[in-house]
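One-letter residues, chain by chain:
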Amino acid sequence: MSLTAGSRPDGTRPPAAVEEPTAAVATAVTKDQVPGKAGRAGRADKVPFRIRLRRDRALILMTLPVILLLLLFNYVPLLGNVVAFQDYDPYVSGNGVTAIFHSPWVGVEQFSRMVDDPLFWSAAKNTLVLFVLQLVLFFPVPIALALLINSVIRPRVRAVAQAIMYLPHFFSWVLVVTVFQQIFGGAGIIAQTLEDHGWSGFDLMTDADLFKYLVTAQAVWKDAGWGIIVFLAALAAVSTDLYEAAAMDGAGRWRRMWHVTLPALRPVIALLLVLRVGDALSVGFEQFLLQRHAVGAGASEVLDTYVWNMGIQNGDFSYAAAVGLVKGAIGVCLVLGANKFAHLLGEQGVYRK
């Protein structure tokens, strides 16, 4: 028996196929009917503000204390930067706030004075040198220690090592400087041991030439544990399937670290680098102030201590405010530039593109 085209063996014909909707019918479908991003965005825009406010009132109430604290301690004090353009005298009025309205305006005189001040440039030079040194010597240490701890198989040993390294983060700078004084000072353990065996002792705490390396070592000992926590959290999010696949492809330990571990840490490294660059001009205050008399102002004077000396000790509040304002503006520019550079490298940085 012969079969006609499109017929079944029993002689019946299959049901006609459902025709695809034409372009005119497809375009008639509105955005709200399509379960896509445009439809969801369109529906979200139509929700009234009062409904969204009532829906999210619990979250808003929880964030109100934080917002008030930020406004009170971070944004309201920014209004005091106006004294950088004045010859501010806190005693010209009954209190320091109303004295702002009675102090004479001098324009950019304080900034011109700052440019002509050699002490300012000396403090800026020390700040930049210490920033570069800490960026080169301090930043890779938490990454290396996190990789080392992550390679430990036994969880108990890993937890103990992590706790020991993180403990100095809770020490005050007074305690950190005291510990280094007892170890590397003229009457410290190392110097006394050398003298007991006939060698001449040394005092690293009063050596102005080695001071920048000393404060970098103190920063590494105190704050490396916090960086380890951040990088270990990033390593915990790496899937073990990637390591297994790399091992099956013949990659050794070093290649797995280079092609799997470090790419996983790259976004975190970029974020912390952006934040560190933005904080380039704030290398520390208490750490340098505690050791100022041991090495002298020439080696320990940074922008933070310079502002403190001019504003608090000398009472030149307008000049100190001008230096602090320039320091903050440069920090903002550095954050924006570093974040833009992170975007060029394909990373998110502090905020998205």
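Residues numbered from 1 in each chain as written. Predicted model: local features only at pLDDT ≥ 70, side-chain atom pairs only at ≥ 80, totals over all residues. Heavy atoms only, no water.

K.L.:
I would appreciate a short explanation of the overall build of the chain in the present structure.
P.N.:
A count of helical and extended segments in the chain gives 19 helices and zero strands. For the chain, the proportion of its 353 residues judged to be buried stands at 29%. Excluding contacts between residues fewer than 6 apart, the proportion of contacts in the chain whose partners are at least 24 apart in sequence is 60%. Within the structure as shown, the chain displays about 23,000 Å² of accessible surface, and the carbon and sulfur contribution to it stands at 67%. (Helix = DSSP H or I, 4+ residues; strand = E, 2+ residues; numbered from the N terminus. Buried < 20%, exposed > 50% of the residue type's maximum accessible area, 1.4 Å probe, protein only. Contact = heavy atoms within 4.5 Å. Areas by Shrake-Rupley, 256 points an atom, 1.4 Å probe, with all protein chains shown as cover.)

K.L.:
Teacher, can you tell me more about the nonpolar core here?
P.N.:
One recurring pattern in soluble globular proteins: nonpolar side chains tend to sit buried together. One finds L130, F211, V283 and F288 to be the most contacted residues of the largest nonpolar core, which totals 20 residues. For this core, the secondary-structure elements that each account for two or more residues are α7 (118-137), α10 (173-184), α12 (211-236), α14 (253-278) and α19 (317-344). Broken down by element, this core gets its largest block of residues, four residues, from α10. Among all residues touching L130, those that are not within four sequence positions of it are K212, V215, V283, F288 and V302. (Core = buried A, V, L, I, M, F, W, Y, C linked by side-chain atoms within 4.5 Å.)

K.L.:
So what exactly am I meant to see when it comes to the packing of helix α18 (residues 303-313) against α19 here?
P.N.:
Between two packed helices, both the angle of their axes relative to each other and the distance between the axes serve to describe the pair. Axis separation between α18 and α19 bottoms out at 8 Å; the angle between their running directions is 160 degrees. As the angle between them shows, α18 and α19 are arranged roughly antiparallel. The way α18 lies across α19 gives a crossing that is left-handed. The segment α18 lies against α19, with L303, D304, Y306, V307, M310 and G311 engaging F317, Y319, A320, V323, G324 and K327. Across the contact of α18 with α19, the residue classes tally to eight nonpolar, two polar and two charged. (Axes fitted to C-alpha atoms, helices over the stretch in contact; angles between N-to-C directions. Parallel < 35°, antiparallel > 145°, perpendicular 65-115°, else oblique. Left-handed = near helix turned anticlockwise from the far one by under 90°. Nonpolar A, V, L, I, M, F, W, Y, C, P; charged D, E, K, R; others polar.)

K.L.:
Before we go on, may I ask you to explain the environment of Q291 in this structure?
P.N.:
Within the secondary structure, Q291 sits in the loop between α15 (286-290) and α16 (292-295). Owing to a relative accessible area of 3%, Q291 belongs among the buried residues under this scheme. The spatial distance from the C-alpha of Q291 to the C-alpha of T206 is 8.6 Å, given a sequence separation of 85 residues. Those residues in contact with Q291, other than ones at most four positions away along the chain, are V177, M205, F211, L214, V215 and Q218. Polar contacts involving the side chain of Q291 include one to the main-chain carbonyl oxygen of Q287, which spans 3.0 Å. (Polar contact = N/O pair within 3.5 Å; in protein donor to acceptor, adjacent residues only side chain to side chain.)

K.L.:
Could you clarify how one ought to interpret the pattern of salt bridges in this entry?
P.N.:
Two side chains bearing opposite charge may form a pair once their charged atoms approach each other closely. For the structure shown, the criterion picks out five salt bridges. The closest approach of N and O atoms between R113 and D316, which form a salt bridge, is 2.4 Å. Residue R113 is located in helix α6 (residues 109-115), and its partner D316 is located in the loop between α18 and α19; the two are separated by 203 residues in the primary sequence. Accessibility expressed as a relative area gives 18% for D316, which makes it buried. (Salt bridge = Lys/Arg side-chain N within 4 Å of Asp/Glu carboxyl O.)

K.L.:
Which parts of the structure should I look at to understand the packing of aromatic side chains?
P.N.:
The geometry of an aromatic ring pair comes down to the distance between the two centres and the angle between the two planes. Across all of its chains, the model carries eleven aromatic pairs by this definition. Summarising the aromatic geometry, the rings of F171 and W221 are spaced 5.9 Å apart at their centres and angled 45 degrees between planes, so their arrangement reads as tilted. Of this pair, F171 sits in the loop between α9 (155-166) and α10 while W221 is found in helix α12, placing the two residues 50 residues apart along the sequence. Ring centres of F180 and F184 lie 5.6 Å apart, and the angle between their planes is 35 degrees; this geometry places the pair in the tilted category. Here F180 and its partner F184 are both found in helix α10, four residues apart, which amounts to about one turn of the helix. Relative accessible area serves as the criterion here: at 8%, F180 is assigned to the buried category. (Phe/Tyr/Trp six-rings, centres within 6.5 Å; stacked < 30°, edge-to-face > 60°.)

K.L.:
Quick question: what am I supposed to make of the confidence of the model for the chain here?
P.N.:
Parts of the prediction with low pLDDT should not have their coordinates interpreted in detail. Across the chain, pLDDT averages 82, with 87% of residues at or above 70. Here residues 1-7 is modelled with pLDDT under 50, and outside its nearest four sequence neighbours on either side it reaches eight contacts, counting other chains as well. Here residues 16-42 is modelled with pLDDT under 50, and outside its nearest four sequence neighbours on either side it reaches nine contacts, counting other chains as well. (pLDDT = per-residue confidence, 0-100.)

K.L.:
I would appreciate a short explanation of the packing of α7 against α12 in the present structure.
P.N.:
The geometry of α7 relative to α12 is characterised by a closest axis approach of 10 Å and an angle of 45 degrees between their N-to-C directions. With respect to each other, α7 and α12 are oriented oblique. Along this stretch, α7 crosses α12, giving a crossing that reads as right-handed. Along the contact surface, α7 presents V129, L130, L133, Q134 and L137, while α12 presents K212, Y213, V215, T216 and V220. Here the contact of α7 with α12 is composed, by residue class, of seven nonpolar, two polar and one charged.

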